[in-house]
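Take a look at the letters that make up each chain.
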Amino acid sequence: MKNITYGYVRISTMKQKLQRQIDNIKAIYPDAIIIDETYTGTTTDRPNWNSLIKRVKKDATTNSIRLVF
């Protein structure tokens, strides 16, 4: 069984920065696979989030999964 860590970061306005969130996750989980979403403040349709959930469910059958925000 393999350990997999996914980090999900998102911003809802152009004034926000993804990199700070990424840096915070990577500081604790350097091997985290980062999934990002940008400019989602006006919608709940988050394609990358939806893809991540499907991926986590699939990977969880054979791996140990950690999801961090």
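What comes next is a walk through the structure. Computed from a predicted model, the values in this text were never measured in an experiment. (Residues numbered from 1 in each chain as written. Predicted model: local features only at pLDDT ≥ 70, side-chain atom pairs only at ≥ 80, totals over all residues. Heavy atoms only, no water.)

**Things to note about the packing of aromatic side chains**
In this description, an aromatic ring pair is defined by two values, namely the gap between the centres and the angle between the planes.
Then, number 1: This structure, assessed with the given rule, holds one aromatic pair.
Then, number 2: Aromatic pair Y8 and W49: ring centres 4.8 Å apart, planes at 65°, arrangement edge-to-face. Of this pair, Y8 sits in strand 1 (residues 2-10) while W49 sits in helix 2 (residues 47-59); the two residues are 41 residues apart in sequence, bridging distant segments of the chain.
Then, number 3: Given a relative accessible area of 24%, W49 falls into the partly exposed group. (Phe/Tyr/Trp six-rings, centres within 6.5 Å; stacked < 30°, edge-to-face > 60°. Helix = DSSP H or I, 4+ residues; strand = E, 2+ residues; numbered from the N terminus. Buried < 20%, exposed > 50% of the residue type's maximum accessible area, 1.4 Å probe, protein only.)

**With respect to the environment of N48**
Then, number 1: Considering the arrangement of structural elements, one finds N48 in helix 2.
Then, number 2: Remark: the alpha-carbon pair of N48 and K2, spanning 46 residues in sequence, is separated by 23 Å.
Then, number 3: Leaving out residues up to four positions away in the same chain, N48 has contacts with I35, D36 and E37.
Then, number 4: A polar contact of 2.5 Å, which involves the side chain of N48, links it to the backbone oxygen of D36. (Contact = heavy atoms within 4.5 Å. Polar contact = N/O pair within 3.5 Å; in protein donor to acceptor, adjacent residues only side chain to side chain.)

**Brief notes about the sheet that holds strand 2 (residues 33-37)**
Then, number 1: Strand order in this open sheet of three strands is 2-1-3, and the pairing throughout is parallel. Of all the strands in the sheet, the pair left with one neighbour each is strand 2 and strand 3 (63-68). Adjacent strand axes in the sheet meet at a mean angle of 20° when their direction is disregarded.
Then, number 2: Inspection of the sheet shows strand 1 paired to strand 2 by five bridges, in the parallel sense. Residue pairing in the sheet places R10 in a bridge with E37 of strand 2.
Then, number 3: Together, strand 1, strand 2 and strand 3 form the strand contacts of helix 1 (residues 18-28), whose direction differs from that of strand 1 by roughly 155°.
Then, number 4: Here helix 2 sits on the sheet in contact with strand 1, strand 2 and strand 3, set at roughly 150° to strand 2. (Pairing = 2+ DSSP bridges. Axes fitted to C-alpha atoms, helices over the stretch in contact; angles between N-to-C directions.)

**Examining helix 1**
Then, number 1: Those residues of helix 1 that sit buried are L18, I22 and I25. Looking down the long axis of helix 1, one finds its buried residues gathered within 70° of arc, a one-sided arrangement. Seen from the open side of helix 1, the exposed residues pointing more than 90 degrees away from its buried face are R20, A27 and I28.
Then, number 2: In this fold, the buried residues of helix 1 make contact with strand 1, strand 2 and strand 3. (Arc of directions from axis to C-beta.)

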